Amino acid sequence: MLPDLMNSVHAIIHPDQAQKPKSLMERVLEGLQMGQPEIEKYNKFKRFRLWALFLPIIMWMSQGTKNISAIFCEVEGAQGALGFSRSSLYDKLASPLIEWCGLAHAIMMSVAKLLLKLHPGDEGFLVLDDSNIERDRAKKCELGSNKLFDHNTRRWHRGFCLIQIGVAISNLFVPVAFKLYGTAKDEYRIEVRRNVDMRTTAGKHRKEATVSKPELVLEMLRYLSSTVCAGLTILCDSWFTSPSFIASAKALGYGVIGLHKENRTKYYTFDGRAICVADEARKIKEAIKAGHKFGSIAKSIPVYIVYHQTRIKGKLIFAKNWRHDGSAVKKPYVAILTTRLDMTDEEVRQAYRRRWRIEQGFRILKSWFGLISGNSAQLFETNIALVSLAHIRYALLIACKVMLFSQHTLNQVRKILVKESIYQQPIADIADGMKRTADNIQEAVVAADDGLHKDISQIIAKSPDIPDEAKSALTEKLTRASHQQMRIMTKAMLRAIALGFKSPIHSTAIDMVTNLLVRGNVTLPATFREPLNQESDSCG
C-alpha cells in the first residue's frame, strides 16, 4: 500500500509529470490547430518556452480576472502557482522578441475560418470601426495621444484609438485584425521613452501608430485580402464612408455598405443628374411632416461614386432608422451608400444592422477582459501585448461557444470557463483525492504525534480557502499519521490546494507550513492561538 501512497503523493507534488486531463482552453486550441508548436513560432527566445507563459495567463484571465495586475495583486500565492513573477511577466510582454500581435492575429483568423466553415450558407461581412482606450492618468504612456475626442461624452481624453476589423456571420462576431493607433500629429503625441530598431516588428508597430488613420485602415485591408476574408463586404459607419475609401476598398476586391452623412456631397445618377445627399434627406423629412408614410425604404437612387478618374456604380438608399420606434427622432431615415447592386434595398438595410456586433465586441473587451481597467503600462510594446491578450481571450471565448457550448450564450460560456481551467478543478474532485490519500496514509502508518497533529489541524481549520469537505477529510485522518508522513501529506495537500483553486491557500498558512516542513515545528501567530481543547474549531 505504501508504493500506492507515494505514487499518489508524487503525482500531486509533481503534476507536470502526471497525466492530467486537458482543460477546455487546451482542447479549443488543439481544435483550432494552435497547439504548443504553433504558439512557439511567435517566440524568438532561445531558452524560453512561450507556451509555459501563454497558457497559464490565458487560464487565469479566463477565470474572470480582468487584467494581469489583478492576478498578482488580488490572488495570493499566484506567483508560486504560475511559476513566474509579475516583473518577469512584464519583461516578456515588453520584449520585441515575442510577437504578441502576430499570435493574436493567428488565433483570431483560425476562429474566423471556423465560423465561415460552419456557416457556408450565410454570407459573412467585415465590420470596421474604432474605439477609444482612455488612459487619462497615464501621462507618460509613450506614443499615446494627448487629445483623443470621445464623440459619445463630447470630451477630450488621453490614450489610444483601437482600430478593429471583425467578421460578422450568423449571430456571432470575432475580430480578425486590430491596430493600436496614437496620433499622426507630433504636437499631440506623448514622448518616446524607448529606442527600438525600426526594422523589427516592434518598430513596425510604432510606425503604424503615427501614420494617418485612413492609411492604417487600408493597410489592414491589404493584409486581409490574402486571407479567407478576401472579397467580403465591409460594413462601416459614416466616418469611413467616402468616395476615396470606397474606391480603395473596391480596388482590393471588397464591397462596401456604409452609413452616409447628410452633408452637401454630390453624386450623379446614371442619367447624369446631380443629387445632393442633404437635399434628398430634407425632401423625405418634409414629406413625413406633410403626412406621407414611407415603408422601411423611403428612396433608392442608383448613383456613380466618382474619385479622380475612378467611377464606381452604387446605390444611395434612404432606409428607416432601426432605432426609430414611432416617436419623434431627429433622423427617422438614414442614408446608406453601397456598391452591392446585386442585393435588394431591404437586404442592404438588414446587412448594415450587423455592424452593431462590433460595438458589442468593444463592450465585451472593455468590461469582461479589462481592455481599459487596471492597465498602467507605459511602454508601447506592453500595451500592444495587453491588447493582444484581450483579443485572444475574446476569440477563444467565441471558439468555446462554437465548438463546445453552441446552445449557451456568451455570458454562460464565460461562467463555465470561470469554473474550469488547468488551475481549477471541481472542489468535490479535489476533496475525493485528499480523502483517498489520507486513507492510504492511515493504512500505511500507525504512529502518531499528537502535538504536531493539533498544530496542523489548527492550520487547516484557519485556512479560509480550503473547502469544508477537505478540512473534514484532513483532520479526520491526521490522528494516525507519523511525524514524517504528516510532513509529506501536508506538502502534498498544500500543492494540491495551490493548483486546485483560483485563490490559493492563505499566505499565513503557507508560512506556518513552511516552518513545519523546514524545522519540524510551528509557532502559531496571535490570530491562531486558541485553546487546543476546542475540538469543534480545529476540526473545521
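Calculation criteria
- Residues numbered from 1 in each chain as written.
- Predicted model: local features only at pLDDT ≥ 70, side-chain atom pairs only at ≥ 80, totals over all residues.
- Heavy atoms only, no water.
- Helix = DSSP H or I, 4+ residues; strand = E, 2+ residues; numbered from the N terminus.
- Buried < 20%, exposed > 50% of the residue type's maximum accessible area, 1.4 Å probe, protein only.
- Contact = heavy atoms within 4.5 Å.
- Expected span 1.5 Å × (residues − 1).
- Arc of directions from axis to C-beta.
- Pairing = 2+ DSSP bridges.
- Salt bridge = Lys/Arg side-chain N within 4 Å of Asp/Glu carboxyl O.
- Phe/Tyr/Trp six-rings, centres within 6.5 Å; stacked < 30°, edge-to-face > 60°.
- Lys NZ or Arg CZ within 6 Å of the ring centre and 35° of its normal.

Novice: What should I look at first to understand the side chain of Arg349 in this one?
Specialist: Counting through the fold element by element, Arg349 comes out in helix α13 (residues 345-352). Its relative accessible area of 10% is what places Arg349 among the buried residues. Not counting chain neighbours up to four residues away, the residues in contact with Arg349 comprise Ser296, Ile297, Ala319, Lys320, Trp322 and Ile336.

Novice: Even after reading the chapter, I still don't get helix α14 (residues 356-367), so can you show me in this structure?
Specialist: For an α-helix the count is 3.6 residues per turn, leaving residues at separations of three or four pointing the same way. Between its terminal C-alpha atoms α14 stretches 17 Å, which fits the 16 Å expected from 12 residues at 1.5 Å a residue. Within the span of α14, buried status applies to Ile358, Gly361, Phe362, Ile364 and Leu365. In an axial view of α14, the angular spread of the buried residues amounts to 165°, which keeps them on one side of the axis.

Novice: Sorry if this is basic, but what is going on with helix α8 (residues 100-118) here?
Specialist: Taking 1.5 Å per residue as the helical rise, α8 with its 19 residues ought to reach 27 Å, and the 27 Å between its terminal C-alpha atoms agrees with that figure. The element α8 is extensively covered by neighbouring structure, given that 14 of its 19 residues are classed as buried.

Novice: Is there a simple way to explain the pairing of strand β11 (residues 333-338) in this structure?
Specialist: If a strand is regular, its side chains alternate between the two faces of the sheet. Burial within β11 is extensive, with 6 of its 6 residues counted as buried. What you see with β11 is no split at all: Tyr333, Ala335 and Leu337 on one side and Val334, Ile336 and Thr338 on the other are buried throughout. The pairing of strand β6 (residues 255-260) with β11 spans 4 bridges and is antiparallel. Of the residues in β11, the one forming a bridge with His260 is Ala335. Judged from the 6 bridges that link them, strand β10 (residues 310-320) and β11 form a sheet pairing that is antiparallel. Note on β11: the bridge partner recorded for Ile317 is Ile336.

Novice: Looking at this structure, I do not really get the pattern of salt bridges. What am I missing?
Specialist: A pair can form between side chains of opposite charge whenever their charged atoms are brought close. Under the criterion given, the structure shown has 21 salt bridges. Residues Asp197 and Arg199 are paired through a salt bridge, measuring 3.0 Å at the closest nitrogen-oxygen approach. Residue Arg199 is classed as exposed on the basis of its relative accessible area of 76%. The closest approach of N and O atoms between Glu262 and Lys285, which form a salt bridge, is 3.6 Å. Of the two residues, Glu262 is situated in the loop between β6 and β7 (266-269) and Lys285 in helix α12 (residues 277-289); the sequence distance between them amounts to 23 residues. Taking the relative accessible area as the measure of exposure, Glu262 reaches 24% and is therefore partly exposed. One connected set of salt bridges, linked through shared partners, spans Arg264, Asp279, Arg282 and Glu286.

Novice: Hey, could you run me through the packing of aromatic side chains in this one?
Specialist: How two aromatic rings sit relative to each other is set out by the distance from centre to centre and by the angle between their planes. Applying the stated criterion to the full structure yields 8 aromatic pairs. Relative to Phe380, the ring of Phe160 has its centre 5.9 Å away and its plane inclined at 50°; by these criteria the two rings are tilted. You can see Phe160 sitting in strand β3 (residues 155-169) and its partner Phe380 sitting in helix α15 (residues 380-403), a full 220 residues away along the chain. Classification of Phe160 as buried rests on a relative accessible area of 2%. Under the relative-accessibility criterion, Phe380 is labelled buried at 0%. Seen from their ring centres, Phe270 and Tyr304 are 4.8 Å apart, and the 45° between their planes marks the pair as tilted. Within this pair, whereas Phe270 is found in the loop between β7 and β8 (274-276), its partner Tyr304 is found in strand β9 (residues 297-307), the two being separated by 34 residues in sequence. Accessibility expressed as a relative area gives 39% for Phe270, which makes it partly exposed. For Tyr304, a relative accessible area of 16% corresponds to the buried category. An aromatic cluster of at least three residues, connected via ring pairs, comprises Trp239, Phe240 and Phe245. The cationic tip of Lys147 hangs over the ring face of Trp156; the distance from NZ or CZ to the ring centre is 4.6 Å. The ring of Trp239 carries the charged tip of Lys213 above its face, separated from the ring centre by 4.8 Å.

Novice: Hey, could you run me through unusual backbone geometry in this one?
Specialist: With glycine set apart, most residues show a phi of negative sign, and most peptide bonds adopt trans. One non-glycine residue, Leu143, lies in positive phi territory at about 70°. Its location among the elements puts Leu143 in the loop between β1 (125-134) and β2 (145-150). Unusually for a residue other than glycine, Ser170 sits at a positive phi of about 55°. By the secondary structure assignment, Ser170 is in the loop between β3 and β4 (172-181). For Ser170, a relative accessible area of 23% gives the class partly exposed.

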